[in-house]
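Results of the structural survey
Now for the letters of each chain:
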Amino acid sequence: MSVRHAMLLLLAGGLGALASCGPQASGPTGANPTRPASQTTGGGNGAGGNARLAAVAQQRNLTPDDLVAAAMTYTPSGRHDEYIQFASGGHSGQVFVIGVPSMRILRTIGVFTPEPWQGYGYGVGNDILAQGRVNGRDVLWGDTHHPALSETRGDYDGQFLFINDKANARVAVIDLRDYETRQILKNPLSLSDHGGTFVTPNTEWVIEGGQYSTPLGMAYAPISEYEESYRGMVTFWKFDRNAGRLDPDRSFAMELPPYWQDLFDAGKGPSEGWIFGNSINTEMATGGIEQGNPPFEAGVSRRDMDYLHVINLVKAAELAAAGRTVEINGFDVLPLETAVAEGVLYFIPEPKSPHGVDVAPSGEFIVVSGKLDPHVTVYSFAKIQQVIASGQYDTDQFGVPILDYDACVEAQVEVGLGPLHTQFDHQGYAYTSLFLEPAVARWTLGGASGSLNPEPDWTLVGKTSVHYNIGHLAVAEGDTVSPDGNYLIAMNKWSIDRFMPTGPLLPQNFQLIDISGTGERMPLLYDMPMGIGEPHYAQIIRADKLHPWTVYPEVGWNPHEGRVEVGAPSVGRERIERHGNEVHVYMTVVRSHFNPEHVEVNQGDRVIWHLTNIERALDASHGFCIPTYNINASLEAGEYARIEFDADVPGVFPFYCTEFCSALHLEMMGYLLVKPSDQAAVEAPEPIQPES
Ligand code: CUK
Ligand code: CUA
C-alpha cells in the first residue's frame with residue numbers, strides 16, 4: 001500500500017466516523033469493478049463507508065486535501081448554503097445569485113439586459129428597462145461592476161441591492177423581497193461610471209463615481225480642450241428606503257477634475273460621513289497613438305503619484321441642500337470651485353495608477369492597492385483630519401488641496417505584484433488580490449481592535465496562488481463593519497487550462513478559498529466556471545439575513561407598485577372588454593389553464609392583457625408567451641402582470657405556459673385569434689363563464 005493510499009484510508013476513517021452519524025449517501029461512482037460490498041448494500045457501518053470513500057478517492061485520483069475540500073463544499077440535497085453571493089454579471093448586464101460554499105448558481109437577476117426566463121423585457125419589465133434609455137434610445141445591455149447590498153449601521157441588512165453599469169453610467173435598484181429590478185437611473189452627467197455602487201453605512205446615499213472624463217451633461221467639446229472642458233464627477237443618489245427607490249430630486253453630484261476617478265468607498269465609524277475615491281490619469285493624458293502621442297496605457301502612468309480623493313459628504317450634502325449647486329442637464333452639481341472653497345474636497349498622493357480603495361472595518365484606515373506598485377498603502381483617517389486641520393497644503397492646478405503623503409500614511413505593506421482590491425475578515429487580517437502573480441495575499445491589519453491573529457501589525461502573512469489573473473476578491477461580509485471571514489472568493493479573469501475549453505472564449509473562474517484558519521494556510525477549495533460574462537465584484541451575505549417572499553403577499557400583487565393591483569383579474573371576474581379598438585383581457589392563471597382560452601381581436605387593436613397567477617403554492621410559477629409577438633412573462637404565485645401590444649399581425653396564435661408546471665402543462669394554452677382587417681370585425685367578446 002502506498003503512503004498516499006494509507007493517508008486516504010486514514011482520512012476516510014475520520015470522514016466515515018462523521019458520516020456514520022447521518023443517513024447513508026447513495027453511491028455516485030457508477031460501475032466500478034473494485035467497489036466494496038458495503039457500497040452495494042448501503043450498510044451504515046463506518047468501516048465499510050471508509051473503504052468505499054478510499055476506493056472512490058483512489059478511482060478518481062483524489063488527494064486527502066481534495067477530500068477535505070469536497071467535504072467543505074459539498075452540500076447534500078435539500079440543504080441550504082450558509083452564505084449567498086451577489087455577483088455582478090459583467091457584460092451580461094445582470095446579477096448572479098450564488099450559494100456559498102456550494103458555488104451553485106441559484107438565480108439570474110435581469111437588470112440592464114432583457115432576461116427571457118423571468119420574462120424581463122418581453123412584455124413585463126419593459127417600463128423599467130425603458131428608464132435606462134439614453135437620449136431616447138434603448139440600451140439593452142450593461143457592464144455591471146459593483147453590486148452593493150443595503151446596509152444598516154454599516155452591516156448588510158438584506159433588503160436591497162444596487163449595481164452600476166459602467167458602459168453607460170447607470171445605476172439600478174433591486175428589491176431583495178423578490179429579487180427583481182425596481183428602478184434604473186441614467187446618470188445625466190456622465191457616459192461612463194466605475195466608482196459605483198457603494199453605499200453609506202445606513203444607505204442614505206448610493207455613490208456612483210464616473211470614470212472616463214467627458215464634458216459634463218453628455219455634451220460635446222473637442223479633445224484639445226480636455227483640461228478646460230472635460231470633467232470627472234461623483235454622484236450621490238439619495239435612497240428612499242420606504243419607497244425602495246433612488247430619488248433624483250434629492251440627489252446631487254460633485255464636479256471633479258478630469259482625472260479618471262476609479263473606485264469609491266464610504267467611510268464608517270470615525271470616518272462616517274466621508275467618502276474616499278482613487279484615481280488614475282492625473283496626468284490628464286488624452287491619448288492619440290495614431291498621431292504619435294503616447295497611448296493611454298503609457299500616458300496615464302507617467303507620474304509617480306495619482307490622487308486619493310477625500311470628500312466630506314455631509315458638508316457637500318449641506319451645500320447642495322442650501323442651493324449652492326448649478327444645474328447641468330437638469331441635475332444639481334456642486335461646482336469644483338465651491339467644493340474647494342468650502343473644504344469639501346482634498347487630495348492625497350497615492351502611488352502611481354492604483355486600483356481599489358477599501359475602508360477597513362473599524363473605519364480608521366483606508367487601503368489603496370498599488371496596481372503598478374507592489375504595496376498597499378494604508379492611510380489613517382485621524383492623520384488626514386489632523387493635516388486638514390493644520391491648513392498646511394499645496395494645491396493642484398484646479399486649486400484642490402493636496403495633503404502631505406507622509407503625514408497621512410499609517411503604513412505600507414509589500415504584498416506582491418499587481419495589488420488590486422482588499423477585503424477584511426473577523427481575525428484582523430486583510431486580503432489583497434494580486435493580479436500579476438496571481439495570488440491572494442493575507443496581511444495583518446495594524447491597530448485592529450479584537451485582533452485574533454498573533455502576527456505583528458502590518459505584516460504580510462502568506463499567499464495562496466489562484467488560477468488565474470485575479471481581479472476582485474470577496475470575503476463573507478468582508479467590506480462591512482463586522483466581517484465574517486471563513487470564505488474568500490477569488491474572481492479570476494482568466495481560466496486558461498482549468499476547464500474543458502469551450503472554443504476560444506473561455507469562462508472566468510471563481511475560486512473558493514478557505515480562510516477560516518490563521519497564518520499562511522489558505523487552502524483552495526473549489527473552482528467555479530462563470531461562463532456568462534465577467535463578474536467584477538461580488539458581496540457575500542449571511543443567508544439568514546435574507547428574507548425573500550416565497551409567494552407574493554396577496555393574490556393580484558403588482559411587484560412594481562408594491563401593492564395589490566386594483567382590478568387585477570380574479571376568479572369569476574375573467575373577461576374581455578372592448579373600448580373602441582382597445583381590448584382589455586382579464587385573465588387568471590392556475591394549474592393547468594388560462595381563463596379565458598379564446599381571445600379574439602381585430603387586426604390593429606391595442607391589446608392590454610392583464611394576468612393574475614392565483615396560485616398560493618411555493619414555486620408555482622407559470623409562463624405566458626405569444627408566438628412572434630416577442631412576448632414572454634413569468635408569473636410567480638400571486639403575481640399580477642400587464643402586457644400591452646398592438647395586434648398588428650393577423651393570424652391564429654397559440655399562447656401557452658412556458659414554465660413546466662404540471663402533468664397537464666402542455667394543455668395549458670389558448671388561442672389568440674387576430675382577425676385580418678379585410679374581414680368582418682369582431683364585434684363583442686364571447687361571454688366568459690365564471691369559474692365554478
Ligand atoms: S474593477 Cu474589475 S477588477 Cu471594475 Cu472593481 Cu477591479
Ligand atoms: Cu403553467 Cu405550465
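Residues numbered from 1 in each chain as written. Chains lettered and ligands numbered in written order. Predicted model: local features only at pLDDT ≥ 70, side-chain atom pairs only at ≥ 80, totals over all residues. Heavy atoms only, no water.

Comments concerning the overall build of the protein
Secondary structure summary: the protein contains 11 helices and 44 strands in total. Dimensions of the protein along its principal axes, counting C-alpha atoms only, are 85 × 80 × 50 Å. Across the 692 residues of the protein, 58% fall into the buried class. The long-range fraction of contacts in the protein, counting pairs at least 24 apart against all pairs at least 6 apart in sequence, stands at 62%. Accessible area for the protein stands at about 28200 Å²; split by element, carbon and sulfur atoms hold 53% of it. Charge separation in the protein, taken as the distance between the mean sites of 44 positive and 83 negative side-chain charges, equals 4 Å. (Helix = DSSP H or I, 4+ residues; strand = E, 2+ residues; numbered from the N terminus. Buried < 20%, exposed > 50% of the residue type's maximum accessible area, 1.4 Å probe, protein only. Contact = heavy atoms within 4.5 Å. Areas by Shrake-Rupley, 256 points an atom, 1.4 Å probe, with all protein chains shown as cover. Lys, Arg positive; Asp, Glu negative; His and termini not counted. Charge placed at Lys NZ, Arg CZ, Asp CG, Glu CD.)

What to know about the packing of aromatic side chains
Applying the stated criterion to the full structure yields 32 aromatic pairs. Between tryptophan 260 and phenylalanine 296, the aromatic rings sit 5.3 Å apart at their centres with planes inclined by 45°, giving tilted as the arrangement. With tryptophan 260 in strand 12 (residues 260–266) and phenylalanine 296 in helix 7 (residues 296–299), the pair connects residues that are 36 residues apart, well separated along the chain. By relative accessible area, which is 35% here, phenylalanine 296 ends up partly exposed. In textbook terms, an aromatic cluster arises when at least three aromatic residues are bridged by ring pairs, as seen for Phe594, Trp609, Phe624, Tyr629, Phe645, Phe653 and Phe655. (Phe/Tyr/Trp six-rings, centres within 6.5 Å; stacked < 30°, edge-to-face > 60°.)

Describing helix 8 (residues 313–321)
Every buried residue of helix 8 is accounted for by Leu313, Ala316, Ala317, Leu319 and Ala320. All buried residues of helix 8 fall inside an arc of 160° around its axis, so they share one side. In helix 8, the exposed positions that point more than 90 degrees away from the buried face belong to Glu318 and Ala321. Elements in contact with the buried residues of helix 8: strand 9 (205–210), strand 10 (232–240), strand 11 (245–256), strand 13 (274–280), strand 14 (305–312) and strand 16 (331–334). Taking the backbone nitrogen of valine 314 as reference, a side-chain oxygen 3.3 Å away marks asparagine 312 as the first, capping residue of helix 8. Count one or two residues on from helix 8 and you reach glycine 323, which has phi positive near 80°. (Arc of directions from axis to C-beta. Polar contact = N/O pair within 3.5 Å; in protein donor to acceptor, adjacent residues only side chain to side chain.)

Observations regarding the environment of arginine 241
Inspection of the secondary structure puts arginine 241 in the loop between strand 10 and strand 11. Exposure remark for arginine 241: the relative accessible area of 26% places this residue in the partly exposed category. Here the alpha-carbon distance between arginine 241 and asparagine 202, two residues 39 residues apart in the chain, equals 9.9 Å. Discounting chain neighbours no more than four positions away, the residues touching arginine 241 are Ser150, Glu151, Thr152, Asp157, Gln159, Phe160, Asn202 and Thr203.

Points about the sheet that holds strand 29 (residues 487–492)
Taken in spatial order, the 4 strands line up as 28-29-30-31 in an open sheet, and their pairing is antiparallel. Looking along the sheet, the strands with just one partner apiece sit at the ends: strand 28 (470–475) and strand 31 (524–530). Across the sheet, the mean angle from the axis of one strand to that of its neighbour is 20°, orientation sign disregarded. In this structure, strand 28 lies alongside strand 29, joined through 4 bridges in antiparallel fashion. Each bridged residue has a counterpart across the sheet, and for alanine 474 the counterpart in strand 29 is isoleucine 489. Where helix 4 (residues 64–73) meets the sheet, it contacts strand 29, strand 30 (508–514) and strand 31, and its direction lies at approximately 65° from that of strand 31. (Pairing = 2+ DSSP bridges. Axes fitted to C-alpha atoms, helices over the stretch in contact; angles between N-to-C directions.)

Re helix 10 (residues 381–390)
Restricting attention to buried positions, one finds in helix 10 the residues Phe381, Ile384, Val387 and Ile388. The buried residues of helix 10 all sit within an arc of 120° when viewed along its axis, so they share a single face. Exposed residues on helix 10 whose side chains face more than 90 degrees from its buried face are Gln386 and Ala389. Packed against the buried residues of helix 10 are strand 13, strand 14, strand 17 (345–351), strand 19 (365–369), strand 20 (375–380) and helix 11 (405–408). Looking at where helix 10 begins, the residue whose side-chain oxygen comes 3.3 Å from the main-chain nitrogen of alanine 382 is serine 380. Glycine 391 occupies a position one or two residues after helix 10 and carries a positive phi of about 70°.

A short note on the sheet that holds strand 3 (residues 105–109)
Within the open sheet, the 4 strands sit side by side as 3-2-1-32. Their pairing is antiparallel. Of all strands in the sheet, those bounded by a partner on one side alone are strand 3 and strand 32 (538–542). Averaged over neighbouring strand pairs, the angle between their axes works out to 20° when direction is ignored. In this structure, strand 1 (residues 83–88) lies alongside strand 2 (residues 95–100), joined through 6 bridges in antiparallel fashion. Bridge assignment links isoleucine 84 to a residue of strand 2, and that residue is glycine 99.

Examining the nonpolar core
Residues Phe236, Met254, Phe276, Ile311, Leu345, Tyr379 and Ile384 are the most contacted members of the largest nonpolar core, which totals 56 residues. No other element matches the 5 residues that helix 8 contributes to this core. Residues contacting phenylalanine 276, with those up to four places away along its chain left out, are Leu263, Phe264, Asp265, Gly267, Ser271, Leu308, His309, Val310, Val357, Val359, Ile366 and Phe381. Ranked by size, the runner-up nonpolar core spans 29 residues in total, among them Leu611, Ile643, Cys657 and Val674. (Core = buried A, V, L, I, M, F, W, Y, C linked by side-chain atoms within 4.5 Å.)

Concerning the pairing of strand 40 (residues 622–626)
For strand 40, the tally of buried residues reaches 5 of 5 residues, placing the bulk of the element in the interior. Neither face of strand 40 is open: one carries His622, Phe624 and Ile626, the other Gly623 and Cys625, and all of them are buried. Note: strand 40 against strand 41 (residues 631–635), 5 bridges, orientation antiparallel. Bridging across to strand 41, phenylalanine 624 finds its partner in alanine 633. Following strand 40, the chain reverses through 4 residues before pairing antiparallel with strand 41; threonine 628 in that reversal takes a positive phi of roughly 65°.

Description of the side chain of asparagine 558
Tracing the backbone through its elements, the reader meets asparagine 558 in strand 33 (residues 557–558). For asparagine 558, a relative accessible area of 9% translates into the label buried. Those residues in contact with asparagine 558 that lie beyond four places of it in its chain are Arg563, Val564, Glu565 and Tyr640.

Things to note about unusual backbone geometry
Among all residues except glycine, the phi angle is most often negative; among peptide bonds, the trans geometry is most common. The omega torsion of the bond from glycine 196 to threonine 197 falls at 0°, within 30 degrees of zero and hence cis. Following glutamate 437, the chain continues into proline 438 via a peptide bond in cis, with omega recorded as -25°. The backbone phi angle of asparagine 329 is positive, close to 50°, even though this residue is not glycine. Mapped onto the fold, asparagine 329 is located in the loop between strand 15 (326–328) and strand 16. Asparagine 329 gets classed as partly exposed once you look at its relative accessible area, which sits at 43%. Its identity is not glycine, yet tryptophan 458 carries a phi of approximately 55°, on the positive side. In this structure, tryptophan 458 sits in the loop between strand 26 (439–444) and strand 27 (460–465).

Observations regarding the environment of aspartate 175
When you line up the elements, aspartate 175 lands in strand 6 (residues 170–175). Residues aspartate 175 and glutamine 159, 16 residues apart in the sequence, show an inter-C-alpha distance of 6.6 Å. Those residues in contact with aspartate 175 that lie beyond four places of it in its chain are Gln159, Phe160, Glu180 and Arg182. A polar contact of 3.1 Å, which involves the side chain of aspartate 175, links it to the side chain of arginine 182.

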